[in-house]
Amino acid sequence: WDSLVSALLSGHPTAVGYNWWRHEVCALGASFDSERDARAGKAKITFVNSWGKRYGNEGYGELTGSKAVPFEATACVQIKVRKND
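Quick notes on the rules
- In this convention, every chain numbers its residues from 1, walking through the sequence in written order.
- Restriction of local features to residues with pLDDT of at least 70 applies here, the model being predicted, together with a cutoff of 80 or more for giving and counting side-chain atom pairs; totals for whole chains, interfaces and linings are based on all residues.
- Side-chain metrics in this entry use all non-hydrogen atoms of the structure; hydrogen atoms and water are not considered.
- A pair of strands is considered paired only if DSSP assigns at least 2 bridges between the two.
- The way it works is that DSSP assigns letters per residue, a run of H or I at least four long becomes a helix, a run of E at least two long becomes a strand, and they are numbered from the N terminus.
- Between the N-to-C directions of two axes lies an angle of 0 to 180 degrees, each axis being a line fitted to C-alpha atoms and, for a helix, fitted only over the stretch in contact.
- Exposure is judged per residue with a 1.4 Å probe applied to protein chains only, and the accessible area is read against the type maximum: over 50% gives exposed, under 20% gives buried, and values in between give partly exposed.
- The arc under discussion is defined with respect to the helix axis, by the directions toward the C-beta atoms.
- Here a residue-residue contact requires only that any non-hydrogen atoms of the pair lie within 4.5 Å.
- Polar contacts here mean pairs of N or O atoms no more than 3.5 Å apart (in protein, one a potential hydrogen donor and the other a potential acceptor; neighbouring residues in sequence count only if both atoms are side-chain atoms).
- Patch definition: residues with relative accessible area over 30% and no salt bridge; like charges joined within 9 Å; nonpolar side chains (Val, Leu, Ile, Met, Phe, Trp, Tyr) joined within 5 Å.
- To be clear on the numbers: accessible area is Shrake-Rupley with a 1.4 Å probe, and residue cover counts the displayed protein chains and nothing else.
- Only one rule defines a salt bridge in this text: a Lys or Arg side-chain nitrogen within 4 Å of an Asp or Glu carboxyl oxygen.

Trainee: How should I be thinking about the sheet that holds strand β4 (residues 60-63) in this particular structure?
Mentor: Strand-to-strand pairing in sheets goes through backbone hydrogen bonds, with the strands running parallel or antiparallel. Sheet architecture is open: 5 strands sit in the order β4-β3-β2-β1-β5, paired in antiparallel fashion. Across the chains shown, the open sheet's two edge strands, defined by having one partner strand only, are β4 and β5 (72-75). When the angles between neighbouring strand axes are averaged without regard to direction, this sheet yields 35 degrees. Relative to strand β3 (residues 44-48), strand β2 (residues 23-31) runs antiparallel, the two sharing 5 bridges. What sits directly across from Ala27, in β3, is Phe47.

Set out below in structure tokens:
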């Protein structure tokens, strides 16, 4: 969970799968409703759904609480390798 939130807060969209939903979506960001929620790790996940603009708010939605914790998550992150001379 912490890795997902870190990836999203760093600006890395992440494919997330939810067993309860039997669906995978693209998580775009994480936010907190308050400083207290941030300290407790209670993030709100914003995602775009593959079902088009008819879903949620023009195709976007939010998940909170236990519903926000995915079964699986994959983020693609570019890593720069530095050569040692």
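Next comes the rest of the description.
Trainee: Can you walk me through helix α1 (residues 2-9) in this structure?
Mentor: Residues spaced three or four apart along an α-helix face the same direction, because each turn holds 3.6 residues. Where α1 is concerned, the buried positions are Leu4, Val5, Ala7 and Leu8. Axial view of α1: buried residues confined to an arc of 160 degrees, hence all on one face. What points out from α1, more than 90 degrees from its buried face, is the exposed set Asp2, Ser3 and Leu9. In this structure, the buried side of α1 is in contact with β1 (14-18), β2, β3 and β5.

Trainee: It is not clear to me how the side chain of Lys44 should be interpreted in this structure. Could you clarify?
Mentor: Mapped onto the elements of the fold, Lys44 is located in strand β3. Residue class for Lys44 comes out buried when judged on its relative accessible area of 16%. Of the polar contacts made by the side chain of Lys44, one reaches the side chain of Asp33; its length is 2.8 Å. Those residues within four positions of Lys44 in sequence are excluded, and the remaining contacts are Gly29, Ala30, Ser31, Asp33, Glu62, Leu63 and Thr64.

Trainee: Just to check I follow, could you spell out the pairing of β1 for this structure?
Mentor: Two faces, one strand: in a regular strand the side chains alternate between the faces of the sheet. Of all 5 residues that make up β1, 4 are buried, and the element is covered over most of its length. Where β1 and β2 come together, 5 bridges link them in antiparallel fashion. Among the inter-strand pairings, Tyr18 is bridged to a residue of β2, identified as His23. Between β1 and the antiparallel strand that follows it, β2, lie 4 residues; Arg22 among them carries a positive phi value of about 55 degrees.

Trainee: Which parts of the structure should I look at to understand a nonpolar patch on the surface?
Mentor: A cluster of nonpolar side chains, contributed by Val77, Ile79 and Val81, occupies part of the molecular surface with about 340 Å² of accessible area. Since its relative accessible area comes to 76%, Val81 is described here as exposed.

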